[in-house]
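# Chain and residue survey
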Amino acid sequence: MNTLLPTSIVGSLPKPSWLAEPEILWSPWKLEGAELAEGRRDALTLAAAEQLRAGIDIVSDGEQTRQHFVTTFIEHLSGVDLERRETVRIRNRYDASVPTVVGAVDRERPVFVDDARALRAATDRRIKWALPGPMTMIDTLYDRHYGSREKLAWEFARILNQEARELEAAGVDIIQFDEPAFNVFFDDVKDWGVATLERAAEGLRAETVVHICYGYGIKANTDWKATLGSEWRQYEESFPLLQRSTIDGVSLECHNSRVPLELIGLLRGKKVMVGAIDVARHAVETPEEVAATLRAVLPFVDADRLFPSTNCGMAPLPRRVAREKMAALAAGARIVRSELSGTAAAPR
Ligand code: ZN
């Protein structure tokens, strides 16, 4: 396990074709009942093994146990009607069919805790588990009960905190909250977004990270990025707030993005998961390209707080491409690690 520049992936990996239709996002399951439960667990074990083989230091489940990074969590809560689906505009960008909140929301049983135990059993390395953040959750459902985004966000924060504490007890070392909505709803981020996120992370001994990004490499997102101009300064709004927050680190998109890297300096003192792998194209980065991205951010983040990572989830990619991108990430980190420690890169 590398303590300097430990690598990890942000979230999803492609699912095996026997579990779900490959190369599409939020693909429906191909199995059901007990077969689905076993299939998901097998896929999780495989995802862990593939990360280890690629040389990834901090292992996650590759989101093999969920169909969607937000709705799968929401669907386990009471107060949500799964049959009653509405089409809503996600992050003002694309339409999706989502469940409806029809009453007080609550978590009647753990959602991912058994899966986290399975991941814990699959490796001795540090493990990371991703949960949706409160703001992204309320942006991914239709509310007929609370009538207030903020009120519902505080309820979700309470529920997320229960889940996070149990994940920690199951042996999870790092809890990651996915908040792509932080790049869109700036007023809400200031008013209650960061506060509800801190509530979700309250009292945890596990490290906490928030992932903010420009989304998966799907057309609605790449079209949106094309409208953002030559410099993407969205992080400028959220980073100063997060720098003052209790959250330990931030995961962000860097490689092939137009984010001015000096914005990372706004996070001084926090851990930074730097996206050095583009998830929107199939071309596999060379280790040298990964190393170049990591070197470019070093003026803005202390080396012992730099965590090389991917820009976002890799679910829509072919499995071979995802595997090769993970290996490139590990190899690129190895180059910079040896530069920092003043030794030549050890051959594998
Ligand atoms: Zn993302």
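Everything discussed here concerns the structure shown above.
Since the model is a prediction, treat every value here as computed from it, not as a measurement. (Residues numbered from 1 in each chain as written. Predicted model: local features only at pLDDT ≥ 70, side-chain atom pairs only at ≥ 80, totals over all residues.)

Summing up its helical and strand segments, the protein has 10 helices and nine strands in all. For a compact globule of 348 residues, the expected C-alpha radius of gyration is about 20 Å, and the protein comes in at 19 Å, within 12% of that figure. When the backbone C-alpha atoms are referred to their principal axes, the protein occupies close to 60 × 45 × 40 Å. Taking all 348 residues of the protein together, the buried fraction comes to 47%. Within the protein, counting contacts between residues at least 6 apart in sequence, those at least 24 apart form 77% of the total. (Helix = DSSP H or I, 4+ residues; strand = E, 2+ residues; numbered from the N terminus. Rg over C-alpha atoms; globule rule 2.2 N^0.38 Å. Buried ≥ 20, exposed ≤ 12 C-beta atoms within 10 Å, placed from the backbone. Contact = placed C-beta atoms within 7 Å.)

Okay, the nonpolar core next. Most often, soluble globular proteins have nonpolar side chains that are buried together. Counting 99 residues, the largest nonpolar core has Trp129, Phe156, Val250, Val272, Val274 and Leu294 as its most contacted members. If near-sequence neighbours (up to four positions away) are discounted, Leu294 is found in contact with Val274, Ala276, Leu306, Pro308, Gly332, Ala333 and Val336. (Core = buried A, V, L, I, M, F, W, Y, C linked by C-beta atoms within 7 Å.)

As a further point, take the packing of helix α6 (residues 186-200) against helix α8 (residues 235-243). Following both chains from N to C, one finds α6 and α8 inclined at 15°, their axes separated by 10 Å at the closest point. If you check the angle between α6 and α8, you find them roughly parallel. The way α6 lies across α8 gives a crossing that is right-handed. Taken together, the residues of α8 that come into contact with α6 (itself represented by Phe186, Val189, Lys190 and Val194) are Glu237, Ser238, Leu241 and Leu242. (Axes fitted to C-alpha atoms, helices over the stretch in contact; angles between N-to-C directions. Parallel < 35°, antiparallel > 145°, perpendicular 65-115°, else oblique. Left-handed = near helix turned anticlockwise from the far one by under 90°.)

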